[in-house]
Amino acid sequence: MALRPARALLAAAVLLASSGCASGEGQGPTTAPHPTVTHHGLFVEYGSVAELEGAADAVLVGEVLSATPELVELAPPEYAGTDPEANPTLGAPEPGDPDYEAAEPDEFVYTVYEVAVVEGVEGRFAAGDRVQVRLVGGLWDGVLHEWHGVTHPDVGETYAFFVSDVEAGDGAEAVEALNPTQSMFRELSDGDFEPLS
């Protein structure tokens, strides 16, 4: 990675030591108590910063400028093949059959962070770019949606993000945290980074 020498590997040893789930405190941009829904999910775990970097579409360092909640509709997965383990819909009614029922899309609350890129470490981003980094959880319609083990970044702080591409909306450059529990690192005053979760 081409981060300044003090940023090399973004505190890889700390990442490995803390790759388990955190408490999720600081979840989402909110200052008042709200009804809370806690979600539990399985995320791909990475054993090293090198693995994170290899899986990421981009690695960037940037300052978080703002946070906006968003309801994201994810299309149901499309399965194919004749292996029942790989295709749980095998044998189910298909479109055109009288018993066919289309799967409903899933809706999830995300927080979209507007980030001013300070340094593009890997991938297409460069200093001066603006990017929207999407992370599961946030405040939506008066309810706080938090994900176990996921800590959200603070507006005004600088972080290193390992991200994957998502479909962009309204022509904006959009990415998602590669793994919401491992792929964000807060910049410390000495220029080093610590894992956010």
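Residues numbered from 1 in each chain as written. Predicted model: local features only at pLDDT ≥ 70, side-chain atom pairs only at ≥ 80, totals over all residues. Heavy atoms only, no water.

K.L.:
Is there a simple way to explain the sheet that holds strand β5 (residues 138–140) in this structure?
P.N.:
Each strand in a sheet pairs with another by means of backbone hydrogen bonds, the pair being arranged parallel or else antiparallel. Spatially, the three strands line up as an open sheet ordered β1-β6-β5, and their pairing is mixed. A strand with exactly one partner marks an edge of an open sheet, and here the two such strands are β1 (36–39) and β5. Direction aside, neighbouring strands of the sheet carry axes that sit 25° apart on average. As paired elements, β1 and strand β6 (residues 143–147) share four bridges and run parallel to each other. Counterpart to T36 in the pairing with β6 is L144. (Pairing = 2+ DSSP bridges. Helix = DSSP H or I, 4+ residues; strand = E, 2+ residues; numbered from the N terminus. Axes fitted to C-alpha atoms, helices over the stretch in contact; angles between N-to-C directions.)

K.L.:
Is there a simple way to think about the environment of E176 in this case?
P.N.:
Counting through the fold element by element, E176 comes out in strand β8 (residues 174–177). Its relative accessible area of 17% is what places E176 among the buried residues. Separated by 120 residues in sequence, E176 and A56 place their C-alpha atoms 9.9 Å apart. In this structure, E176 is in contact with Y110, R134, F162, V163, S164 and V166, ignoring residues within four places of it in sequence. There is a polar contact of 3.5 Å between the side chain of E176 and the side chain of Y110. (Buried < 20%, exposed > 50% of the residue type's maximum accessible area, 1.4 Å probe, protein only. Contact = heavy atoms within 4.5 Å. Polar contact = N/O pair within 3.5 Å; in protein donor to acceptor, adjacent residues only side chain to side chain.)

K.L.:
Would you mind going over the packing of aromatic side chains with me for this structure?
P.N.:
Each aromatic ring pair is specified by the distance between its two centres and by the angle formed by the two planes. In total, this model carries four aromatic pairs according to the counting rule given. Judged by centre distance (6.1 Å) and plane angle (55°), the rings of F43 and W147 are tilted. Of this pair, F43 sits in the loop between β1 and α2 (49–55) while W147 sits in strand β6, placing them 104 residues apart in sequence. Taking the relative accessible area as the measure of exposure, F43 reaches 23% and is therefore partly exposed. Geometrically, the ring pair formed by Y159 and F161 is tilted, given 6.0 Å between the ring centres and 50° between the ring planes. Aromatic ring contacts, followed pair by pair, group F43, F108 and W147 into a single cluster. The lysine or arginine in question, R134, covers the ring of Y110, its NZ or CZ lying 4.5 Å from the ring centre. (Phe/Tyr/Trp six-rings, centres within 6.5 Å; stacked < 30°, edge-to-face > 60°. Lys NZ or Arg CZ within 6 Å of the ring centre and 35° of its normal.)

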